Each structure stands twice: as C-alpha cells, then as structure tokens.
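The residues making up each chain are set out below.
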Amino acid sequence: MRAAVYRGEQVLQVEELPDPTPGPGQVVMRVRYSAICGTDVHAFMYDLAHPGTVMGHEYTGSIVDVGPGVTRWKPGDRVTGGGGHAPPGAGPATRTHPRFNYRTMGFQQNARPRGYAEYVLLDEWEPTPVPDDVTDEQAALCEPCAVTVHAVRLSDIKLGDAVVVLGAGPIGLLCMQTARAAGATTVIVSEPAPGRAEAARRLGADAVLNPLEGNLEEQVLELTAGVGPQVVFECAAAPSTMEQALDLSARGGQVVMLAIAWEPTAVLPPNWMAREVRMQSSFGTQPEDWRIALELMRTGRVSVDHMLNDTNFVPLEGIQDAFEALCRPTRELQMVVAL
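Residue numbers here run from 1 along each chain, matching the order of that chain's written sequence. With pLDDT at 70 or above as the cut-off, local features in this predicted model cover only qualifying residues; side-chain atom pairs require 80 or more to be listed or tallied, and sums for whole chains, interfaces and linings still use all residues. With hydrogens and water stripped out, all remaining heavy atoms of the structure feed into the side-chain values.

Caption draft 1: Quick look at the overall build of the protein chain. Numbering goes from the N terminus for both helices and strands, where a helix is a DSSP run of H or I of at least four residues and a strand is a run of E of at least two. When its secondary structure is counted, the protein chain shows 11 helices and 15 strands. For 339 residues, the compact-globule estimate of 2.2 N^0.38 gives 20 Å, and the C-alpha radius of gyration of the protein chain, at 20 Å, lies within 12% of that figure. Exposure is judged per residue with a 1.4 Å probe applied to protein chains only, and the accessible area is read against the type maximum: over 50% gives exposed, under 20% gives buried, and values in between give partly exposed. Within the protein chain, the proportion of its 339 residues that are buried is 52%. Contacts were defined at the residue level, with two residues in contact if any of their heavy atoms lie within 4.5 Å. The long-range fraction of contacts in the protein chain, counting pairs at least 24 apart against all pairs at least 6 apart in sequence, stands at 73%. For every accessible area listed, the method is Shrake-Rupley and the probe measures 1.4 Å; residues are considered covered only by the protein chains on display. Total accessible area on the protein chain stands at roughly 15300 Å², and carbon and sulfur atoms take up 51% of it. Put simply, the radius of gyration uses C-alpha atoms, and a globule should come to 2.2 Å times the residue count raised to 0.38.

Put into structure tokens, the structure is as follows:
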C-alpha cells in the first residue's frame, strides 16, 4: 500500500508499505479521504512527529477485511477511523494517563500507520459507522466536528446565549455551528483572513469581525447590548487570542480553549479576574461526540459543504505541498487527501 511517511525535518515521503492483515478482534479499513488536521500541521511544522510515523486521524472509508471473532463489522461497512467505543477496560477519561503530556507524548511513533495511508488496521472497537445520508467527503470531517461537540458539551452554554468564536479555520467554523445547535442565538466570529471570514458568513454567523480593524472588544459589546458573550471559544491559538478571549467575556462568563498554542502566551489577569471569568480547556473527544457529530451532519445542523470544494482535495503525492501551504495559510481552509 502507499502511505505518506514522515521522515523528519518537515519531509513527508510517499512510500510502499506492507498491506495490513487483521488479527483477532481487528479490521482493515480502506481509506478514501483523510483530512489534514492542524494538529498534524503543528507536528510537521515543529518537527514533533517521530521519523517513520504515518500520521492522519481524520479519515473515512470502508471495511475491507475482518479478523477472527469480529462480529460488529463486515466488508463494505462505511466507517470513520476512530471514536467508535472506548477501549476495553478504559475509564471515562479521554486520556487514561492522569498526567498525560501532549507535548511530549502526543506525537510519539505509532506502531500502525494511520490515515495518510491506503489501508489502516484498527481494533474492532475503534471505527464509527457513517449514516447513509452523510457522504464520505463529509464524514472525513467527523473528527474535527466531534472535537467541537466535545468543547460545546464541556461549556456552560445555555439557550439564548451569545458566543464569540475566535478564528474561522475548520475548528472555528464547526464550533460556531455546534454552538448554534446547542442553543446560542447570537454567534459572532472574529477572523482576519477574507476567505475564512466569508466561509463564516455563508455558514450562518450573525456577525464576522476583523480583529485587525477597529476595537474588537467595543464591537462585540455593541453586538451584545453592552454585556459581552457568555461563552468565548478560542479556536485560533494566535499569540494575542488567549488574552483577547478573556477580555471579551461577559462578567461570570467562560472561555473554552480548543486550539493548542505552541508558542508562549502572556495574559494579564486583573481585568478578567475582576469579572470572575472561568477558563475551561477542551482536548480530544469521547465516543459519543463522534456519533453526535455525524447526526448533526445528517440532519443539516452542521454543514461542511462550504469548507470543501474541488480545490480542497489533493492526491497522496501532493501531501508535502499541502502541508507546506497549511503552515502559512493564505486562502487555504480545509485540505483533504484523496486516496
């Protein structure tokens, strides 16, 4: 099978690897689409992935082979590549290690190739079934949608709340929709890139503000009757956006961090401490988040169609150029590897 192997120093190389064979309790999935996640871009940009790793965790396809003892799946079943169930014996926590360190452990070498390969070996509990009314292209974005579902479910959002989403990349665009589905009636997006700002407008943002033009805090206060948003979702991880999120929040409001900042970020506490703003981090997903994400897509509450068009899809041989472009995005929004 073909796979994009990370060779270190920002190099992805398409190589031939052995086709996987399922053992007891395992299945083989033929990958059709694998979306490029910002997390993998960070691994590439900061050279965090172990050489020899095949990354990719936003992928969809179909089961082509099952191992002995597998009863849940059969060849031809359409699935996404993760989130189906908790591993046997795992507790309720997203990360089973109580002191999981993402920076030091998140990109260690995987024993198995993942989504940037034609075939993936999975344990029976890993896949999630894709509903008939959700296309393979849409299902490729199930994982990032599940990330936003997880964040919204961790938040204190209530019916009628105003929310601000900082950043209109893939996570921000999905977050604004899941927040709306959870009851937000005013959704404000902050995004300086014109293409991403336009995508936010098309996907239903009530207002899209350019943080580089005018005073963002004053504009948000005007749009929220002088109160501020009850919840701010930080989906940008830019050097200034953490403090910006804390400054924007209403008194007693909440900031939910989705984006992972890899650079040191300074915040000045007195202002947001005086307003008793609460901070909530969100990381990863739980199995139910994947099923909720697919149901939101199926019922049209979340749309990814404005995030995907013909120019977003690249062949496996184009993955190096795609990663380099996403390190310094201009018009790029979401890129998907078609296998």
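Caption draft 2: Representation of the nonpolar core in the model. One finds Val163, Leu173, Met176, Val189, Ala200, Phe233 and Met307 to be the most contacted residues of the largest nonpolar core, which totals 47 residues. Here this core gets 6 residues from one element, more than from any other, and that element is helix H4 (residues 142-154). In contact with methionine 176, other than residues within four places in its own chain, are Val165, Val187, Val189, Ala200, Leu203, Gly204 and Ala205. Throughout this description, the term nonpolar core refers to a set of buried Ala, Val, Leu, Ile, Met, Phe, Trp, Tyr and Cys residues connected via side-chain atoms within 4.5 Å. The next biggest cluster of nonpolar side chains, apart from the first, holds 35 residues, and it includes Leu12, Val70, Val120 and Ile319.

Caption draft 3: Examining the sheet that holds strand S13 (residues 278-281) more closely. Only strands joined by at least two bridges in the DSSP assignment are considered to pair. As summarised here, the arrangement of the 6 strands in space is S10-S9-S8-S11-S12-S13, forming an open sheet in which the pairing is parallel. Two strands lie at the open edges of the sheet, namely strand S10 (207-209) and S13, each paired on one side alone. Neighbour-to-neighbour, the strand axes of the sheet open up by a mean angle of 20°, direction not taken into account. Relative to S13, strand S12 (residues 254-257) is paired through 4 bridges, and the arrangement is parallel. From the neighbouring strand, valine 255 faces S13, where its bridge partner is methionine 279. Helix axes use the C-alpha atoms of the stretch in contact, all axes being lines fitted to C-alpha atoms, and the angles between their N-to-C directions lie in the range 0 to 180 degrees. Together, strand S8 (162-166), strand S9 (186-190) and S10 form the strand contacts of helix H7 (residues 216-223), whose direction differs from that of S10 by roughly 170°.

Caption draft 4: The side chain of glutamate 143, seen in detail. Along the polypeptide, glutamate 143 turns up in helix H4. Glutamate 143 gets classed as buried once you look at its relative accessible area, which sits at 12%. In this structure glutamate 143 touches His57, Glu58, Thr285 and Trp290, once residues within four positions along its chain are discounted.

Caption draft 5: Fine view of the packing of H7 against helix H8 (residues 241-248). Taken N-terminus to C-terminus, the directions of H7 and H8 make an angle of 35°; their axes are 10 Å apart at the nearest point. For the pair H7 and H8, the sense of crossing is right-handed. In this structure, H7 contributes Leu216, Glu217 and Val220 to the contact, and H8 contributes Gln244, Asp247 and Leu248. Should the near helix be turned counterclockwise from the far one by less than a right angle, the crossing is left-handed, whereas a clockwise turn marks it as right-handed.

Caption draft 6: Representation of the environment of glutamine 244. Note on placement: glutamine 244 falls in helix H8. Linking glutamine 244 and arginine 112, residues 132 residues apart in sequence, is a C-alpha distance of 40 Å.

Caption draft 7: Structural view of the pairing of strand S1 (residues 2-6). Counted residue by residue, S1 has 4 buried out of 5 residues, so it is predominantly covered. Examined bridge by bridge, S1 and strand S2 (residues 12-16) share 5 bridges and lie antiparallel to one another. Along S2, the bridge assignment pairs arginine 2 with glutamate 16.

Caption draft 8: Fine view of the pattern of salt bridges. Criterion for a salt bridge: a side-chain nitrogen of Lys or Arg within 4 Å of a carboxyl oxygen of Asp or Glu. Taken as a whole and assessed by the stated rule, the structure comprises 18 salt bridges. The partner of glutamate 126 in a salt bridge is arginine 112, with the nearest N and O atoms 3.5 Å apart. Placement of glutamate 126 in the loop between strand S6 (119-123) and strand S7 (128-129) and of arginine 112 in the loop between helix H2 (102-105) and S6 is noted, with a sequence separation of 14 residues between them. Ionic contacts of the salt-bridge type, sharing partners, join the residues Arg2, Arg30, Glu118 and Glu317 into one network.

Caption draft 9: Representation of helix H5 (residues 170-181). Here the expected span of a helix is defined as 1.5 Å times the quantity of residues minus one. Between its terminal C-alpha atoms H5 stretches 17 Å, which fits the 16 Å expected from 12 residues at 1.5 Å a residue. Across the 12 residues that make up H5, a large majority, 9, are buried. Within H5 the residues assigned to the buried category are Pro170, Gly172, Leu173, Leu174, Cys175, Met176, Gln177, Thr178 and Ala179. Positive backbone phi, approximately 125°, marks glycine 183, located one or two places after H5.

Caption draft 10: Inspection of the packing of aromatic side chains at higher detail. Whether two aromatic rings pair depends on their centres lying within 6.5 Å, for rings of Phe, Tyr and Trp, where Trp uses its six-membered ring; planes under 30 degrees apart make the pair stacked, over 60 edge-to-face, and the rest tilted. Applying the stated rule across the entire model yields 4 aromatic pairs. For the pair tyrosine 33 and phenylalanine 313, a centre-to-centre distance of 5.4 Å together with 65° between the ring planes defines the contact as edge-to-face. Taken together, the residues tyrosine 33 in strand S3 (residues 26-35) and phenylalanine 313 in strand S14 (residues 313-315) connect sequence positions 280 residues apart. With relative accessibility at 10%, the residue tyrosine 33 sits in the buried group.

Caption draft 11: Expanded view of the environment of tryptophan 125. Looking at the element boundaries, tryptophan 125 is found in the loop between S6 and S7. Taking the C-alpha atoms as reference points, tryptophan 125 and glycine 25, separated by 100 residues in sequence, lie 8.4 Å from one another.

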